[in-house]
Amino acid sequence: MTDTTPDGISEPRDPDDLRRRAGVRGDPDRDQHFLIDDRVLDRIPTYLPDDADATHLLEIGGGTGALTDRLLRVADEVTVVERDRSLAAFLREEFATAIDGGRLRVVEGDALEVDLPDFSASVSNLPYGISSEIVFRLLPANRPLVLMFQREFGERMAADPGTDAYGRLSVTAQHYADVEVVEIVPPTAFDPAPAVESAIVRLRPREPNYAVDDESFFFDFVKALFTQRRKTIRNGIRNTAHISGLTDPDAVVDAVEERNGDLLRARAGSLAPEAFAELTAVADEHGR
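Residues numbered from 1 in each chain as written. Predicted model: local features only at pLDDT ≥ 70, side-chain atom pairs only at ≥ 80, totals over all residues. Heavy atoms only, no water.

Some remarks on the overall build of the protein
1) Next: Across its full length, the protein holds 13 helices and 9 strands.
2) Next: Overall, the protein is about 70 × 35 × 30 Å in size when its C-alpha atoms are taken along their principal axes.
3) Next: Each of the 288 residues in the protein was classed as buried or not, and the buried ones make up 51%.
4) Next: Taking as baseline every contact in the protein between residues at least 6 positions apart, the subset at least 24 positions apart corresponds to 63%. (Helix = DSSP H or I, 4+ residues; strand = E, 2+ residues; numbered from the N terminus. Buried < 20%, exposed > 50% of the residue type's maximum accessible area, 1.4 Å probe, protein only. Contact = heavy atoms within 4.5 Å.)

Next comes the structure, spelled out in structure tokens:
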């Protein structure tokens with residue numbers, strides 16, 4: 001991290017000063033909690049993998065720019081997406097020098113709807129209410145991600161098979177990346193303080209160690225089986241054809257029995273992603 005930015009600013013902007021200049025207060029009803037802890041803000045960019053390409057960082061939910069300021073210190077270029085019109089206008093004013101220098105672009109709009117740039121990595125304190133939708137928009141880009149979530153959500157993403165937190169979210173996220181919770185952030189780091197702890201999660205993209213011919217069907221099949229997580233896979237396949245789209249679930253059960261009957265006696269929460277891929281391949285061949 002450099003001591004100065006190309007704007008000539010020697011010290012990071014103070015988050016409280018930014019909020020005062022922006023004239024805003026957080027609003028829990030709008031999922032708006034401002035990160036105000038300088039130490040956390042300073043650490044977030046350092047969680048990027050050492051080999052991450054920081055030429056073009058994407059930030060979702062810029063707010064008053066406290067994290068944006070830190071990202072400009074490590075990146076050649078930053079694109080920030082902010083849906084609040086007044087905050088987007090403040091960012092353009094506050095960071096006018098960086099914008100004029102071609103180092104910052106402010107996109108006003110909903111991160112689920114706007115066209116995202118071809119970013120090299122994303123570092124974001126996400127709006128928690130749409131965390132799932134945003135992360136699964138970012139993951140297929142196969143770029144390093146450092147994202148802030150509610151603690152429970154982040155730990156579910158990183159959970160191992162056989163743990164209580166492991167589920168559909170874990171399988172889906174780990175299909176795209178190695179997922180690691182790198183820091184737990186207390187409510188006092190925000191204003192207003194949320195009711196729950198937060199987690200900074202690092203996602204390193206990598207190819208899965210299994211093949212999936214139809215990702216959409218894979219995700220649907222995983223979703224279906226986790227709706228019956230307390231049932232055996234045998235019963236889960238038979239009971240969820242209306243979710244997975246299978247036309248002949250009994251044929252799938254018979255085919256799995258021939259290939260690897262132990263899978264049918266397991267439960268969804270104990271299976272690693274590669275086991276779901278094996279089941280999906282059989283289901284795709286015999287049940288659709």
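Structure shown, so let's carry the discussion forward.
Some remarks on unusual backbone geometry
1) Next: At the junction of Asp191 and Pro192, the peptide bond is cis and its omega measures out at -10° in the coordinates.
2) Next: With respect to the helices, strands and loops of the structure, Pro192 is situated in the loop between β8 (190-191) and β9 (198-205).

Observations regarding the sheet that holds strand β7 (residues 177-185)
1) Next: With respect to topology, 7 strands assemble into an open sheet ordered β4-β3-β2-β5-β6-β9-β7, the strand pairing being mixed. Looking at the sheet topology across the chains shown, the edges are occupied by β4 (104-108) and β7. Put simply, the sheet's adjacent strands are angled 25° from each other on average, direction ignored.
2) Next: Taken strand by strand, helix α4 (residues 85-94) contacts β3 (77-82) and β4, and its axis lies near 165° from that of β4.
3) Next: Running at roughly 115° to β7, helix α8 (residues 168-176) makes contact with β7 and β9 of the sheet. (Pairing = 2+ DSSP bridges. Axes fitted to C-alpha atoms, helices over the stretch in contact; angles between N-to-C directions.)

Observations concerning the nonpolar core
1) Next: Membership of the largest hydrophobic core comes to 56 residues, with the highest contact counts inside it found for Met157, Leu203, Ile237 and Phe276.
2) Next: If one sorts the elements of this core by residue count, helix α9 (residues 215-226) sits on top with 7 residues.
3) Next: When neighbours within four sequence positions are excluded, Met157 is seen to be in contact with Val135, Phe149, Leu169, Ser170, Ala173, Gln174, Val179 and Leu203.
4) Next: Of all hydrophobic cores here, the second largest spans 33 residues; its members include Ala52, Ala66, Ala75 and Met148. (Core = buried A, V, L, I, M, F, W, Y, C linked by side-chain atoms within 4.5 Å.)

Observations regarding the packing of aromatic side chains
1) Next: One pass over the full model with this rule turns up 7 aromatic pairs.
2) Next: Ring centres of Phe149 and Phe153 lie 5.0 Å apart, and the angle between their planes is 40°; this geometry places the pair in the tilted category.
3) Next: For Phe153, a relative accessible area of 14% corresponds to the buried category.
4) Next: Between Tyr210 and Phe218, the aromatic rings sit 6.1 Å apart at their centres with planes inclined by 40°, giving tilted as the arrangement. Taken as a pair, Tyr210 and Phe218 share a single burial class, namely buried.
5) Next: Members of the aromatic cluster, joined through ring pairs, are Tyr176, Tyr210, Phe218 and Phe219.
6) Next: When the ring centre of Phe217 is taken as origin, the NZ or CZ atom of Arg288, which lies over that ring, is 4.0 Å away. (Phe/Tyr/Trp six-rings, centres within 6.5 Å; stacked < 30°, edge-to-face > 60°. Lys NZ or Arg CZ within 6 Å of the ring centre and 35° of its normal.)

A few points about the UniProt feature "binding site: S-adenosyl-L-methionine" (unreviewed entry) in the protein
1) Next: Residues given the UniProt feature "binding site: S-adenosyl-L-methionine" (unreviewed entry) here are His33, Leu35, Gly61, Glu82, Asp110 and Asn125.
2) Next: Assignment of secondary structure puts Asp110 in the loop between β4 and β5 (121-125).
3) Next: Checked against the element boundaries, Asn125 lands in strand β5.
4) Next: Filtering out sequence-adjacent residues up to four positions away, Asn125 remains in contact with His33, Leu35, Ile60, Gly61, Leu67, Met148 and Phe190. (UniProt positions renumbered as here; feature names shortened; annotations may be inferred.)

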